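Here is what each chain is made of, one letter per residue.
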Amino acid sequence: MRHRIPLSEREDYDVLSEFRAREDTTDDTEFFADRGRVARSAGATLALMILTAIAFAGGVYWGATRGVTLAPGNAFWDITLHIGFVIVCGLLAAAAVVALGALLVGIPYARRKMSETRARNRGTDLH
């Protein structure tokens, strides 16, 4: 049976808390000493950037192939709105790729932190 951890003992799983406007006190020397790990992180970041750019281009292409007539009778607004539609399609496709990338990174991070918290609390189980 799973033991529920009280809210007062739960760990904060806020991934973005490290980026607030406070001083960074973490010691990253172990991370930077492992050159392979740094290279994998840089490669994953570069791959996400490339996939995002490809998704943006694909979204722009998809939006450009749609025959959307938004303002019939007014060529200026029709062209302006069609260009806006094309750009929004590209941005939505790129945002979807970034969101999936964040999930691919965030879910294992949260699971690892939860398992660490469970392991730490297993030793202080009062039942």
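Scroll up a little and you will see the structure.
Residues numbered from 1 in each chain as written. Predicted model: local features only at pLDDT ≥ 70, side-chain atom pairs only at ≥ 80, totals over all residues. Heavy atoms only, no water.

A few words on the overall build of the chain. When its secondary structure is counted, the chain shows three helices and zero strands. Across the 127 residues in the chain, those meeting the buried criterion constitute 12%. Across the chain, contacts joining residues at least 24 apart in sequence account for 60% of those joining residues at least 6 apart. Carbon and sulfur atoms form 65% of the exposed surface of the chain, whose accessible area is close to 10,400 Å². (Helix = DSSP H or I, 4+ residues; strand = E, 2+ residues; numbered from the N terminus. Buried < 20%, exposed > 50% of the residue type's maximum accessible area, 1.4 Å probe, protein only. Contact = heavy atoms within 4.5 Å. Areas by Shrake-Rupley, 256 points an atom, 1.4 Å probe, with all protein chains shown as cover.)

Here the structure, examined in full by the defined rule, presents two aromatic pairs. Judged by centre distance (6.5 Å) and plane angle (40 degrees), the rings of tryptophan 62 and phenylalanine 85 are tilted. Of this pair, tryptophan 62 sits in helix H2 (residues 35-64) while phenylalanine 85 is found in helix H3 (residues 75-122), placing the two residues 23 residues apart along the sequence. The partly exposed category is assigned to tryptophan 62, whose relative accessible area is 44%. What makes phenylalanine 85 partly exposed here is its relative accessible area of 26%. Ring centres of phenylalanine 76 and tryptophan 77 lie 5.2 Å apart, and the angle between their planes is 75 degrees; on these two criteria the pair is classed as edge-to-face. (Phe/Tyr/Trp six-rings, centres within 6.5 Å; stacked < 30°, edge-to-face > 60°.)

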